Amino acid sequence: MCKSVIAAALLSLVFLMSLGAQNLPSKWQFGVKAGFRMQMLPNGGGQGGDNYLIQREGMHGGIFATRQLNTKWSLRGEIEYGRSVNRNGEEFSRLTYVLAPRYKLNSWLTLEAGLEARQPGLTTSWVIAGPRPMERANANVFAGVALKLGTGELNLRYSPGYQANSPSSRGGWTHGFQIGISAPLFQSKQKIH
């Protein structure tokens, strides 16, 4: 699964680069983002169970590149690093690659939906027990909104998914929530028609 996550990230990068190679008017924006993530995982409910526990809470930070395709549509790619803690106090880290088409409804509200591909890290307990991955690489869809805040944005996202059995939970549906702030650092000056 690790190879498929890396392949998805590289394919996303190639796709963004190919858009830039076209002779269409475009505007690029590059920046940083940070925020809070909460994930609800199955807690003993098993398949089809509805017994959930807020298992992981944590912070994330990363970079983004947005290509404005026209006055309404844009495409955003992100790479995030996140750390979270589960109910047992174990820390988790992961890289997340995001590709999201975005639609600007008005001057202050943008809708976005896309794909998140995650590459998990190791728990901090590896010092005692040796390295052991606590979750598999996976990919989820997400939907969200971006609210304009000055030159930046407030991002709110929801991502459902399915997690197979792991040492920290039984298999079942997961629910992820994310709130963050995006701040542009640089943007191209080309006009959009």
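Notes on the structure follow.

The rules behind each value
- Residues numbered from 1 in each chain as written.
- Predicted model: local features only at pLDDT ≥ 70, side-chain atom pairs only at ≥ 80, totals over all residues.
- Heavy atoms only, no water.
- Helix = DSSP H or I, 4+ residues; strand = E, 2+ residues; numbered from the N terminus.
- Buried < 20%, exposed > 50% of the residue type's maximum accessible area, 1.4 Å probe, protein only.
- Contact = heavy atoms within 4.5 Å.
- 1 Å grid on protein atoms, 1.4 Å probe; cavity = no way out; pocket = protein on both sides within 12 Å on 5 of 7 lines; lining within 4 Å.
- Points joined across faces, edges and corners; volume = space filled by probe spheres on them.
- Nonpolar A, V, L, I, M, F, W, Y, C, P; charged D, E, K, R; others polar.

This part takes up the side chain of E116. Structurally, E116 is set in strand 5 (residues 109–120). On the basis of relative accessibility, which here comes to 2%, the residue E116 falls in the buried class. Contacts of E116, omitting those with residues within four sequence positions, involve R37, T96, Y97, V98, N138, A139, N140, F142 and S159.

Where empty space is left in the structure can be found by rolling a water-sized probe over the atoms. Inspection of the entire model under this criterion finds 2 cavities of 30 Å³ or more. Around the largest cavity, the lining is made up of 14 residues, and of these R37, G82, R83, S84 and R94 lie nearest the centre. Looking at the lining of the largest cavity, the elements with two or more residues in it are strand 1 (27–42), strand 2 (52–68), strand 3 (73–85) and strand 4 (91–104). A total of 5 residues in the lining of the largest cavity trace back to one element, the largest contributor, which is strand 2. Class assignment of the residues belonging to the lining of the largest cavity gives a composition of 3 nonpolar, 6 polar and 5 charged. Counted as a void, the second largest cavity has a volume near 30 Å³. Contributing to the lining of the second largest cavity are R37, E116, F142, R157, Y158, S159, G176, F177 and Q178. Going through the elements one at a time, strand 7 (152–163) and strand 8 (172–187) are the ones with two or more residues in the lining of the second largest cavity. Here the lining of the second largest cavity is built from residues that sort into 3 nonpolar, 3 polar and 3 charged.

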